[in-house]
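# A closer look at the structure
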Amino acid sequence: MAIKPLIDASTIAQRVAALGADITRDYAGKDIVVVPVLKGSYVFAADLVRQIDLSVEVDFLGVRSYGDGQESSGVVQITTDLSHPIQGKHVILVEDIVDTGLTVAYLRENLVTRQPASLKIASLLHKPARTRVPVGIDYLGFTVEDVFIVGYGLDHAQKFRNLPYLAIITDDSH
Ligand code: 5GP
């Protein structure tokens, strides 16, 4: 198994700063709740909130997706729920990657029942080639090919989350 760099740290930082500026502009004068989906989005979310110049609350959602390994099944279990109600609040759900779209579609449906004032989606990455449920991503970092990505919070078997850049895992065993 080899790690091939895909997007370097300074390119990520520039993009995250731009997203933070967009959010700051779009929500001017409002309070927002940023909801990172654990674990994959924790690095992205930590950098993103520091680029948002607004009154920001952060609350976490932990999810487990049932599927065969790297394939999402669309059956998502919330393992850690929000610690505060979001009714009447402006919420931004923060994902690491939208792959099939099933996870975000499920979470969006779940959060909407809690009656937030608004709900938008931020995702570091999007793999459009794998879309099964189209999800509108309001704040997108990068579009990527159909490859398995690690680093900057994203894991392979729980490892590589600490890489400061995004990389592709290649199987060089044959
Ligand atoms: P979806 O429900 O959109 O198919 O899957 C979303 C979740 O699958 C992501 O939040 C992430 O946890 C996982 N995932 C999908 N593609 C990748 C990838 O390329 N690398 C990693 N590390 N996780 C991925």
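In this report, the structure presented in the accompanying data block is examined. (Residues numbered from 1 in each chain as written. Predicted model: local features only at pLDDT ≥ 70, side-chain atom pairs only at ≥ 80, totals over all residues. Heavy atoms only, no water.)

## Here we look at the site of the ligand
- Residues in close proximity to the ligand total 16 residues, the closest being Asp96, Thr100, Thr103, Ile149 and Asp155.
- Contact distances for the ligand include 2.7 Å between an oxygen atom and a side-chain N or O atom of Asp96.
- Interatomic distance of 2.9 Å between a side-chain N/O atom of Lys127 and an oxygen atom of the ligand.
- Here the ligand has 510 Å² of accessible area as a free molecule, and 86% of this is covered by the chains.
- Those elements giving two or more residues to the shell around the ligand turn out to be strand 6 (90–98) and helix 3 (102–112).
- With four residues, the top contributor of residues to the shell around the ligand is strand 6.
- Classifying every residue of the shell around the ligand gives seven nonpolar, four polar and five charged. (Near = heavy atom within 4 Å. Polar contact = N/O pair within 3.5 Å; in protein donor to acceptor, adjacent residues only side chain to side chain. Areas by Shrake-Rupley, 256 points an atom, 1.4 Å probe, with all protein chains shown as cover. Helix = DSSP H or I, 4+ residues; strand = E, 2+ residues; numbered from the N terminus. Nonpolar A, V, L, I, M, F, W, Y, C, P; charged D, E, K, R; others polar.)

## Thoughts on the pairing of strand 2 (residues 31–38)
- Extensive coverage of strand 2 is indicated by the burial of six of its eight residues.
- Summarising the sheet, strand 2 and strand 3 (residues 55–58) pair through four bridges and their orientation is parallel. Looking at strand 3, one finds that Asp31 is bridged to Ser55.
- Following the chain from strand 2 across helix 2 (residues 42–49) to the adjacent parallel strand 3, one finds a crossover that is right-handed.
- Bridge analysis of strand 2 against strand 6 gives five bridges, and the strand direction is parallel. Directly across from Ile32, in strand 6, lies its bridge partner His90. (Buried < 20%, exposed > 50% of the residue type's maximum accessible area, 1.4 Å probe, protein only. Pairing = 2+ DSSP bridges. Right-handed = clockwise from strand over helix to strand, strands pointing away.)

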